[in-house]
Amino acid sequence: MVISKYRKVWCLWCAFFALTPAFAQQTGNLTGTVVDELGGPLPGITVLLESPALQGSRTLVTAEKGLFLARLLPPGTYQITATMTGFQTLKQEARVTIGATARVRMVMRPESTQEVLIVTADRETALDTHQISSNFDGDFVEKLPRARDLESIATLAPGVTNGPVNSGISINGAASTENVFMLNGAFINQDGIRGAADDLFIEDDIEETQVITGNASAEFGFFAGGMVNSITKSGGNEFHGTFRTQLSNEDWTARNPLELQAGSENVDKINKEFTFTANGPIIKDRLWFATSGRKFDTEITNQLQQGSPLSDEQAQALGLPTGQTAPGAESFNTETTRTRMQLKLTGTLYEGHTLVASYLEDEVDVAERQVFSSLDRGALAPNSAYPSDLTTLNYRGLLSPALTVDANYAIRNSSLQTGFADSDRISGTNLVHRDQNSAFSHAPFGNGATNQRNSHNWNLKFSYFLNTPKLGSHDITFGGQGITEERNENNHQSPNGWQLRPRWTRWDGDQVVPIFTPGTDDATAAWILYFPVANISQGSDFTTRAAFLNDVWTLNEHFFFNVGLRYSQNRTAAEDGQELSSTNNLSPRLTATLDPFGDGVHQVSLGYNVYEGKLNDAAQDGSTAGTPAVIQWLYNGPQTEQIADVFQWMEENFEGGVAAAEALDPDVLNNQWSIYNTYTPEVTPEALPIVVGEGGLDGVEVTEFSLGYKQKLGNRGYFKTDFILREYGNFLARNINSTTGRTTNGVDRTVLANDNGNYERDYKGFNLSGQYRFADNFNLGGNYTFAQTNTNIVGETSGSGAVATSTTTTYPEFNHPRTNLTGLAEDMSEHSLRLWAAYDLNTTVGDFTFSTLASYFSGTPYGMSYSIPIRGRETEFGLPDPATLPYRSPPRSINYDITDPDALKWDAMTSVDLGVNYSLRLMNRYELFMQIDINNLFNSDSQIDGNKTVSAISGAPAFDLATETPVEGVHYQRGSRFGQGTVAAHYQNPRTITIDLGFKF
């Protein structure tokens, strides 16, 4: 099967090779100035570029001011040879990285007895860019004792932290859903919903990764955070390859505090992960290949959420014995089988015209997956599958010495399947426990349907080099690009569509027991929810296109500018075909750099840039297709612990029983126990419960100011500092107010619109980064970030990804002074420090590399809040009488911030990772290697998150929200495990050990 797919890619590549279309891959540029010993420019110098990364060679001739510019160069080390009659031949090396322009200055001397003069580069490539960015090559990342996925690589850059949710990253205070991940020019954000990258590549095959966090060129966009840009290896004129076996064993992993408390033991089983890479020439200097593969079968121990027992007061109120207990966190095994493969072909038709095609495939199958935090094994998905593939096609060409074209097209197919279908009302209904941080039990999320989340993107860029007598040189780029994300998904919430949310939970030994309490307000009663997918998805179309013009202007040796303008448009349609956006935006980009001595040693930069993020999936909240309707009732039968009793109460009290609810009978959906209903059989604008506001929707907008300083430390290193201010806006918000009206069914209409008045997110950060080579075998690097994100909006959840916010814009008459306070963003550290070092030791028995990575993150903030039931007592809390307002379903409860959102802090986290690499060369061609990585060497076990449950006390007296303060023990109580860690993710990862064995050639 793999062979046939390789053959398919080969044929596809040959067809495009013959047709010569325009597709592109990411590259770098090299610019330079050639002068004589007195600094006079030398036009007419022949410059030859050679590199193992380049097919053939590249020849240029310097222009009037001795300038030359080579574009579309694959990243690598280049030897630059300058020749001219009457001068010594000069050779110099430079490093070209992706997405950047390396600068060199070559000083030629008159002919002498020395035929060739070899000099050391006098500039530091990492400093020769107007962008705030970091580049990490694959060899560097491989030697560090850390994971090599794109998120882990990105967090090596200053200003980048682990995101609060979704396993993504946050760049300069942005939500994790506001970043863009690119691979070989392809958009690879995981599923178009959450903020993580789709790691469908083979880590050993990554050539280089660039992380852009500020001062981005107008060429780059679609993000409000930043961009992570990677390429895979292309091959060369020599054959190279690796075979690696990574060994891991849970028995080599320390246990976290919950495992120690529960007395659980790790599985003593060696997991093997096999990886190979091979690359080389098919035709030297004309056609190269690179292929790789990876397969692993792992079994790891995970934990269910630790339960919180009922307090004695609550147990008595429920008629239960006091002294209730909850078991420790139960362990279970998750088995994962994953197979990846890749093929890449790079060919040159003739000098200056290159075609590249690549294909990647990833097959993932997981048994016993915990989709969301769960209290028992019944909520685990028994089998889940996540296949994906990626095809990229690209072309880059030199149309003239001054004009180049760079274009690409990529398509990614991704699907997911989790859960199982079960029409039985008892076994197919899942439970979500409101007093247990909304943990699941009884049945899993999903119903086993296969859902598609695909994307494709294109890019067409022209570059022109203009050299003027008085205004310096201009590297002008212009073109267009687009991203389309498609979601064809029927989002089933449970095996049968039903979900019950008990108000309280107890345990009978290890058995979870839900307690369904009756009531007429949503704070005390159990909830009954039905999620019918009434209309099958037609597939969404989230398309963002852009045109850009950017000029990297070199006025002289002292002044450099980046001047750009980006135009973007959103053209989006939901899964029911409803138009969501047809908006247009302009984003100016401006950065000025001063090099006071003209030698690259000291540089000061000042930037003003605006970024427009692409519209995210939360914009289709109002879709009537694919998205389930939400129908919610309050349970008002006898207190019970049986699911069957809840459905029996419905049979006895709902006209037509449960079957009528499943038939979407409007009388049942809107009966006396109904508190929320988004279903409508009509699809006219007047009937829709959620509609898009006038003018359509836009993505998040960011205004950025930056001030930077860079210094070259001789020929051994550098350091950089950047101060960054960002103001975020255009937040996606839900609005229900006196002007939004009702639907034809009488439901309070929700209007989705961008908001700049009720929500805020402001970021200020200071970054310091650098590296220094003390000796040829000893390197030290690292970064420090001080960051503060002041906000009252999160805008994303672990379950839904990006979401529209409603905290202060729905029923605003019920806002009060402690509604949605602004403070430091949760889960984001103010202080982040990373230091790494590598030491090479060559001996007669082999070569050793010792590497270490030390990290420190200050504790993240959190606060206390709770939900206050107000129905029927609104005026007692100083709120308006609902009867005087135009709402059908005013809020039954309101949220109250007891403390500021950043009043409390979790523990700071420190970690020291150690890597030892041993290699033995054989016949100067082959190499055996072994690498041992120990993460969290000293097994630090900081609690970095925890339970934040606070509940209203039943029957608590009312108080004036504007003038009085609730009292703990009277109005509210903390959960029995408040502030404690209840799941493994609440603690930093314990010490782990992995061993890699293999050979290279």
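Computed from a predicted structure; not experimentally measured.

Student: For this particular structure, what's the right way to read the confidence of the model for the protein?
Tutor: Caution applies to low-pLDDT parts of the model: their predicted coordinates are not meant to be read in detail. Summing up the model confidence of the protein, the mean pLDDT is 91 and the portion of residues at 70 or higher is 96%. Of the regions scoring below 50 in pLDDT, residues 1-25 engages in 60 contacts with residues more than four places distant in sequence or in other chains.

Student: What is the right way to look at the UniProt feature "domain: TonB-dependent receptor-like beta-barrel" (unreviewed entry) in the protein in this model?
Tutor: Those residues carrying the UniProt feature "domain: TonB-dependent receptor-like beta-barrel" (unreviewed entry) are residues 409-936 in this numbering. Secondary structure content for residues 409-936 is 4% helix and 52% strand, and the end C-alpha separation is 41 Å.

Student: Please explain the packing of aromatic side chains as it appears in this structure.
Tutor: Each aromatic ring pair is described using two quantities: the centre-to-centre distance and the angle formed by the ring planes. Scanning the model with the defined rule gives 32 aromatic pairs in all. The interplanar angle of 70° and the centroid separation of 6.2 Å between the aromatic rings of Phe778 and Tyr839 together place this pair among those described as edge-to-face. Linking Phe778 in strand β44 (residues 778-791) with Tyr839 in strand β48 (residues 831-843), this pair joins segments that are 61 residues apart in sequence. Exposure remark for Phe778: the relative accessible area of 30% places this residue in the partly exposed category. Taken together, the ring pairs in this structure connect Trp498, Tyr530, Trp633, Tyr635, Phe647, Trp649, Phe654 and Trp673 into an aromatic cluster. Lying over the aromatic face of Trp527, Arg434 brings its terminal NZ or CZ to 3.9 Å of the ring centre. The ring centre of Phe222 lies 4.9 Å from the NZ or CZ of Arg566, which sits over that ring.

Student: Honestly, the environment of Ser800 in this entry has me stumped. Any pointers?
Tutor: Inspection of the secondary structure assignment puts Ser800 in the loop between β45 (796-797) and β46 (801-802). Under the relative-accessibility criterion, Ser800 is labelled partly exposed at 41%. Sequence separation of Ser800 and Val916 is 116 residues, and the distance between their C-alpha atoms is 40 Å. Apart from the residues lying within four places of it in its own chain, the contact partners of Ser800 are Ile193 and Arg194.

Student: I tried to follow helix α6 (residues 643-653) on my own but got confused; where do I start?
Tutor: One full turn of an α-helix is made of 3.6 residues, so residues set three or four places apart face in the same direction. All of the buried residues along α6 are Ile643, Val646, Phe647, Trp649 and Met650. The buried residues of α6 all sit within an arc of 150° when viewed along its axis, so they share a single face. Contacts from the buried residues of α6 go to β24 (430-433), β28 (498-501), β31 (527-530), β36 (631-634) and α7 (657-662).

Student: I would appreciate a short explanation of the sheet that holds β36 in the present structure.
Tutor: Note on sheets: strands pair through backbone hydrogen bonds, and any given pair is parallel or antiparallel. The sheet built from six strands is open, its strands ordered β25-β24-β28-β31-β36-β37 with mixed pairing. Looking at which strands have only one partner, the edges of the open sheet turn out to be β25 (439-441) and β37 (674-677). Each strand of the sheet is rotated relative to its neighbour by a mean of 20°, with strand direction disregarded. Strand direction decides the pairing type here: β36 and β37, joined by three bridges, are antiparallel.

Thresholds applied
- Residues numbered from 1 in each chain as written.
- Predicted model: local features only at pLDDT ≥ 70, side-chain atom pairs only at ≥ 80, totals over all residues.
- Heavy atoms only, no water.
- pLDDT = per-residue confidence, 0-100.
- Contact = heavy atoms within 4.5 Å.
- UniProt positions renumbered as here; feature names shortened; annotations may be inferred.
- Helix = DSSP H or I, 4+ residues; strand = E, 2+ residues; numbered from the N terminus.
- Phe/Tyr/Trp six-rings, centres within 6.5 Å; stacked < 30°, edge-to-face > 60°.
- Buried < 20%, exposed > 50% of the residue type's maximum accessible area, 1.4 Å probe, protein only.
- Lys NZ or Arg CZ within 6 Å of the ring centre and 35° of its normal.
- Arc of directions from axis to C-beta.
- Pairing = 2+ DSSP bridges.
- Axes fitted to C-alpha atoms, helices over the stretch in contact; angles between N-to-C directions.

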